Amino acid sequence: MKELMLGNKALARGLYEAGCGVVSSYPGTPSTEVTEEAARYDEIYCEWAPNEKVALEVAFGASLAGTRSFCGMKHVGLNVAADPLFTCSYTGVNAGMVICVADDAGMHSSQNEQDSRHHAIAAKVPMLEPSDSAEALEFAKKAYELSERFDTPVIIKMCTRIAHSQSVVETGERVMPEPRPYEKNIAKYVMMPGNAIRRHPVIEERTRKLTEYAESCEFNRVEMGGTALGIITSSTSYQYAKEVFGESASILKLGMVNPLPVKLIREFAAKVEKLVVIEELDPIIENHCRQLGLTVSGKDVLPVCGEFFPNMIAEKLGAEVPAHGSIGEPLPGRPPVMCAGCPHRGLFYTLSKNKCTVLGDIGCYTLGAVAPLSAMEMTLCMGASVSAIHGFNKALGGESEKKTVAVIGDSTFMHSGMTGLANIAYNQSNSTVIILDNSITGMTGHQQNPTTGYNIKGDPAGKIDLESLCRAMGFNRVVVVDPYDLAACDRAVKEELAAAEPSVIISRRPCALLKYVKHNPPYHVDSDKCIGCKSCMRLGCPAISIKDGKAVIDATQCVGCGVCAQLCRFDALQA
Amino acid sequence: MTKNIMIVGVGGQGSLLASKLLGHLLLTEGYDVKVSEVHGMSQRGGSVVTYVRFGEKVYSPVIDKGQADFIVSFEKLEAARYIEYLKVGGRVVVNTQQIDPMPVITGAAVYPENLIEKMEAAGALVDAMDCLTLAEQAGSAKAVNIVLMGRLSRYFDIPVEKWQQAIRECVPLKFVELNLKAFELGRAS
Ligand SMILES: Cc1ncc(C[n+]2csc(CCOP(=O)(O)OP(=O)(O)O)c2C)c(N)n1
Ligand code: SF4
Ligand code: SF4
């Protein structure tokens, strides 16, 4: 049956049809839906792991045991999982193992826009890159065959536009592969120096064979058209090239982007007058062409930064760009904001009021850096807040310890905050760490995590108790506050910053968007009492604005959290 | 020829159902279809956009400037924000609701006046309508998306029964009546 399917869902369908049995992933936009959709199939065991390294190792274990496995992550997730990736390239697999990494050129939801192809090259594993949903489904299935045939993990690279676009697919049945029972093989699977040194040449030979395979494999194809212009491209750039040039140019579409073919590219280049590589982010195919001694254009005209669009390609390569009208004046932006009633808001208000130096982390709470709260001064990668505050305080000493805090979400703490906390406990800085426990992984669309007590299917699961965990690490001062209670937040922040030993503050209240959270009726403004002092505006709640000099509350947005009322000295904001 | 529709609004306003309905309908009509949108950060109350493209064969998942035949907008400022994406002579179907973005709320910017007129001056054909009132009339403020679809349907050569059928197939049973009514009100507006 033909149906419209999201790229990520199609990939999940491919896993299902290929007989994949174990999926372990960590959420990250734009990769998350692959695993969420896979979890809808009862035949596949699916889980959210605490981080990408764990996920990849779980998938490796399942592959070793003889079950086709998968793990999914965003581009920066592969940095975290790089350690097992590089070495399971050496061990190879038993049953097929597929890794999906989703890049985010244009940084719609990311802290950088690195190009994941570098990881495939460095780890010497094949990488496939679909250009629509049908290919996502197909490539997922074929990736398992490739993985088993060449004894290697296979990476499927998605990008925002392929992951989050729906296009037409045709689904098939689930076909279980031949069983591959686990066999003890110390020389292959125990990567100590004596064994690993024998595996390395095997991997080089595998790359040679894969390059040969790339010359004629079904993932790469030539679409001959006009021969004045020849384009080598892949993924969403292929779609843009077709959109702009149609049949007027010839295209070499690469579905396998590592390793790259040699003969195929040379032959294609020989058939066209001018050769251009259209690829987002880094010039990887382009540099490969140059190494082959070909004259090629690419990043001399197209940008390295940001994502591509059809008009940009048309303009840079001399094709026609459509005309359009314009409003002719700058319009106010609409940046994302913390939701009305977000539990993070009260805590950030407190930090802002106390003029704390806030070293931050990644999640919904990163929006605490935005005006009017502006209460975050550093965000690097997941977990970095807890490690960096230790370095910050070691560098600056006592004065810094009295005003600096690290803030980190519950999911991010489980991902990679715990190790930083262990360092504070072990190497003794008087640091104050605030865990923003909203009982969910909010930013990526509400996934469960080890602190929530539920698994990916929403069924009851193991639950890690944050207080006990911190105490077990040696923290004597562990306090829990309700971020809707501004006085309690203020007291906790002041006391813990002043304390003579390191402490953890757990700011605990579930995310306002969770289905089980019951909201109070909206607040309203008594306009006789409101003097228009704008004290409440310092919260940055999207439900409050000033109209004709007085505060007004948008009843459709307000969830009745009551935080604004605690800021009003005139009792104008009422339940 | 590929036709292009952009659905724009504020994160959380329900563009998902509108694009689902269009995708479903156009696929049953035998077109190649691509529907694409960005999930993630922007959904926290930010500006959001969905691209719907259909025709014999659709390549690019996104619509670029000067290419949209229609912009369907849940909010005035958002329609204006994307006006450069409209084809010369293209049409904007816009809900006249005003939702202040954070820079306006904090006083760092003002909500622009006369946006409808400005869009017309930019060469757009504009259907401006109070969809919220119509949606409430149909039974739920949440049906703004289907009111907009009703209005949009006037410009398509697809029988109204097909639209109604698509609604029946895309919304949960208990909301079908409400949405059919919202569609009708939008179409007749
Ligand atoms: C290595 C890595 N993996 C995944 C992500 C995507 N990501 C960003 S924030 C986040 C988790 C946010 O959850 P939490 O810490 O609980 O904060 P909340 O959003 O709920 O406030 C994730 C998974 C990332 N940025 N980096
Ligand atoms: S989704 Fe939840 S945690 Fe994220 S901003 Fe909204 S209320 Fe806050
Ligand atoms: S009670 Fe106040 S702070 Fe809370 S959601 Fe309503 S307007 Fe916003």
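It should be emphasised that the depicted structure is a prediction, and the values quoted were computed from it without experimental measurement. (Residues numbered from 1 in each chain as written. Chains lettered and ligands numbered in written order. Predicted model: local features only at pLDDT ≥ 70, side-chain atom pairs only at ≥ 80, totals over all residues. Heavy atoms only, no water.)

**Q** Sorry, what's going on with the overall build of chain A here?
**A** What chain A contains, in helices and strands, is 20 helices and 22 strands. For a compact globule of 575 residues, the expected C-alpha radius of gyration is about 25 Å, and chain A comes in at 27 Å, within 12% of that figure. A principal-axis box enclosing the C-alpha atoms of chain A has dimensions of 80 × 65 × 50 Å. Counting all 575 residues of chain A, 59% fall into the buried class. For chain A, the share of sequence-separated contacts (at least 6 apart) that also reach a separation of at least 24 residues comes to 74%. When the accessible surface of chain A is totalled, it reaches about 22600 Å², and 54% of it is carbon and sulfur. Averaging the coordinates of the 56 positive side-chain charges in chain A and doing the same for the 65 negative ones gives two points 3 Å apart. (Helix = DSSP H or I, 4+ residues; strand = E, 2+ residues; numbered from the N terminus. Rg over C-alpha atoms; globule rule 2.2 N^0.38 Å. Buried < 20%, exposed > 50% of the residue type's maximum accessible area, 1.4 Å probe, protein only. Contact = heavy atoms within 4.5 Å. Areas by Shrake-Rupley, 256 points an atom, 1.4 Å probe, with all protein chains shown as cover. Lys, Arg positive; Asp, Glu negative; His and termini not counted. Charge placed at Lys NZ, Arg CZ, Asp CG, Glu CD.)

**Q** What exactly am I supposed to notice about the packing of aromatic side chains here?
**A** A ring pair, where both rings are aromatic, is described by two values, the distance of the centres and the angle of the planes. This model, assessed by the stated rule, comprises ten aromatic pairs over all chains. Consider the rings of Y31 of chain B and F54 of chain B, whose centres lie 4.9 Å apart with planes at 70 degrees: the pair is edge-to-face. Of this pair, Y31 of chain B sits in the loop between α1 (15-28) and β2 (32-37) while F54 of chain B sits in strand β3 (residues 47-55); the two residues are 23 residues apart in sequence, bridging distant segments of the chain. Taking 5.5 Å as the distance between ring centres and 25 degrees as the angle between the ring planes, the aromatic pair formed by F70 of chain B and F156 of chain B counts as stacked. Note that F70 of chain B is positioned in strand β4 (residues 68-73) and F156 of chain B in the loop between α6 (144-153) and α7 (160-170), a separation of 86 residues in sequence. Neither F70 of chain B nor F156 of chain B differs from the other in exposure class; each is buried. Through a chain of ring-to-ring contacts, three or more aromatic side chains come together here, namely Y31, F54, F70, Y155, F156, W163 and F183 of chain B. Sitting over the face of the ring of Y238 of chain A, K253 of chain A holds its NZ or CZ atom 5.4 Å from the ring centroid. (Phe/Tyr/Trp six-rings, centres within 6.5 Å; stacked < 30°, edge-to-face > 60°. Lys NZ or Arg CZ within 6 Å of the ring centre and 35° of its normal.)

**Q** What's the story with the site of ligand 1 in this structure? I'm lost.
**A** Residues and elements named next belong to chain A. The full set close to ligand 1 counts 26 residues, and E52, H344, D410, T412 and G442 are the nearest of them. Residue C364 places a main-chain N or O atom 2.8 Å away from an oxygen atom belonging to ligand 1. N438 has a polar side-chain atom sitting 2.9 Å from an oxygen atom of ligand 1. Of all the elements in the fold, those that place two or more residues in the shell around ligand 1 are α4 (75-80) and α18 (410-427). For the shell around ligand 1, the leading source of residues is α18, giving four residues. Of the residues assigned to the shell around ligand 1, the class counts are ten nonpolar, 13 polar and three charged. (Near = heavy atom within 4 Å. Polar contact = N/O pair within 3.5 Å; in protein donor to acceptor, adjacent residues only side chain to side chain. Nonpolar A, V, L, I, M, F, W, Y, C, P; charged D, E, K, R; others polar.)

**Q** Whenever I open this one, helix α15 (residues 344-353) of chain A confuses me. Can you help?
**A** Residue and element names in this part refer to chain A. Among the ten residues of α15, eight are classified as buried, and the element is accordingly described as predominantly covered. For α15, every residue scored as buried is listed here: H344, R345, G346, L347, F348, Y349, T350 and L351. Looking at the buried side of α15, the elements it contacts are β14 (357-359), β15 (404-409), β16 (432-437), α20 (486-498) and β18 (503-508). Downstream of α15 by one or two residues, K355 has phi in the positive range, about 50 degrees.

**Q** Where do I start with the packing of α1 of chain B against α7 of chain B in this structure?
**A** Packed helix pairs are specified by the crossing angle of their axes together with the interaxial distance, meaning the distance between the axes. Residue and element names in this part refer to chain B. Axis separation between α1 and α7 bottoms out at 9 Å; the angle between their running directions is 120 degrees. By the angle class used here, α1 and α7 are oblique. Like other packed secondary-structure pairs, α1 and α7 cross with a definite hand, here right-handed. Contacts between α1 and α7 involve L17, K20, L21, L22, H24 and L25 from the former and K162, W163, A166, I167, E169 and C170 from the latter. (Axes fitted to C-alpha atoms, helices over the stretch in contact; angles between N-to-C directions. Parallel < 35°, antiparallel > 145°, perpendicular 65-115°, else oblique. Left-handed = near helix turned anticlockwise from the far one by under 90°.)

**Q** Help me understand the sheet that holds strand β9 (residues 221-223) of chain A, please; the structure alone is not making it clear to me.
**A** Paired through backbone hydrogen bonds, the strands of a sheet run either parallel or antiparallel to each other. All names here are of chain A. If you walk across this open sheet you meet the four strands as β9-β11-β10-β13, and the pairing is mixed. In this open sheet, the two strands that pair with only one neighbour each are β9 and β13 (274-278). If you compare each strand with its neighbour and ignore which way they point, the axes differ by 20 degrees on average. Bridging between strand β10 (residues 229-233) and β13 involves five bridges; their strand directions are parallel. In the sheet register, I231 faces β13, and the bridge partner there is V276. (Pairing = 2+ DSSP bridges.)

**Q** Hey, could you run me through the site of ligand 3 in this one?
**A** In the vicinity of ligand 3 there are 13 residues, among which C541, C558, C561, G562 and C564 of chain A approach most closely. Broken down by class, the residue content of the shell around ligand 3 amounts to ten nonpolar, three polar and no charged.

**Q** What is the right way to look at the sheet that holds β2 of chain B in this model?
**A** As summarised here, the arrangement of the eight strands in space is β1(A)-β8(A)-β2(B)-β3(B)-β1(B)-β4(B)-β5(B)-β6(B), forming an open sheet in which the pairing is mixed. Only two strands of the sheet have a single neighbouring strand rather than two, namely β1 (2-6) of chain A together with β6 (125-129) of chain B. Adjacent strand axes in the sheet meet at a mean angle of 20 degrees when their direction is disregarded. The pairing of strand β1 (residues 3-10) of chain B with β4 of chain B spans four bridges and is parallel. For I7 of chain B, the partnering residue across the bridge sits in β4 of chain B and is V72 of chain B. Sitting on the sheet, α1 of chain B is in contact with β1 and β8 (165-170) of chain A together with β1, β2 and β3 of chain B, with an inclination near 170 degrees to β2 of chain B.

**Q** Just checking my understanding: could you explain the nonpolar core for this structure?
**A** In summary, soluble globular proteins display a tendency toward joint burial of nonpolar side chains. All names here are of chain A. F348, L351, V407, L421 and I435 are the most contacted members of the largest nonpolar core, which has 65 residues in total. Counting only domains with at least three residues in this core, you end up with domain 3 (344-508) and domain 4 (524-574). The residues touching L351, leaving out its near neighbours within four places in the chain, are C356, V358, V405, V407, I434 and V493. Membership of the second largest hydrophobic core comes to 43 residues, among which are F70, L137, F139 and A143. (Core = buried A, V, L, I, M, F, W, Y, C linked by side-chain atoms within 4.5 Å. Domains from an automatic or database assignment.)

**Q** Would you explain the pattern of salt bridges in this entry?
**A** Taken as a whole and judged by the stated rule, the model has 44 salt bridges over all chains. A salt bridge links R91 of chain B to D127 of chain B, with the shortest nitrogen-to-oxygen separation between them at 2.8 Å. With R91 of chain B in strand β5 (residues 86-95) and D127 of chain B in strand β6, this pair connects stretches of sequence that are 36 residues apart. Both residues of the pair, R91 of chain B and D127 of chain B, belong to the buried class. Each of E135, R221, E223, K242, E247 and K253 of chain A takes part in a single network of salt bridges with overlapping partners. (Salt bridge = Lys/Arg side-chain N within 4 Å of Asp/Glu carboxyl O.)

**Q** I keep staring at the pairing of strand β2 (residues 22-25) of chain A and nothing clicks. Help me out?
**A** Strand residues, when the strand is regular, have side chains that alternate between the two faces of the sheet. All names here are of chain A. Here β2 shows a buried face lined by V22 and S24 and a second buried face lined by V23 and S25. In terms of strand pairing, β2 meets strand β3 (residues 45-48) through four bridges, oriented parallel. Each bridged residue has a counterpart across the sheet, and for S25 the counterpart in β3 is W48. Crossover β2 to β3 through helix α2 (residues 32-38) is right-handed. (Right-handed = clockwise from strand over helix to strand, strands pointing away.)

**Q** Looking at this model, I keep getting lost on the packing of α6 of chain B against helix α8 (residues 176-188) of chain B. Mind explaining?
**A** All names here are of chain B. The geometry of α6 relative to α8 is characterised by a closest axis approach of 6 Å and an angle of 45 degrees between their N-to-C directions. Taken together, the axes of α6 and α8 lie oblique to each other. When you trace α6 past α8, the crossing you get is right-handed. Across the interface between the two elements, I146, V147, M149, G150, R151 and S153 of α6 pack against N179, A182, F183, G186 and R187 of α8. Residue classes in the contact of α6 with α8 are distributed as five nonpolar, four polar and two charged.

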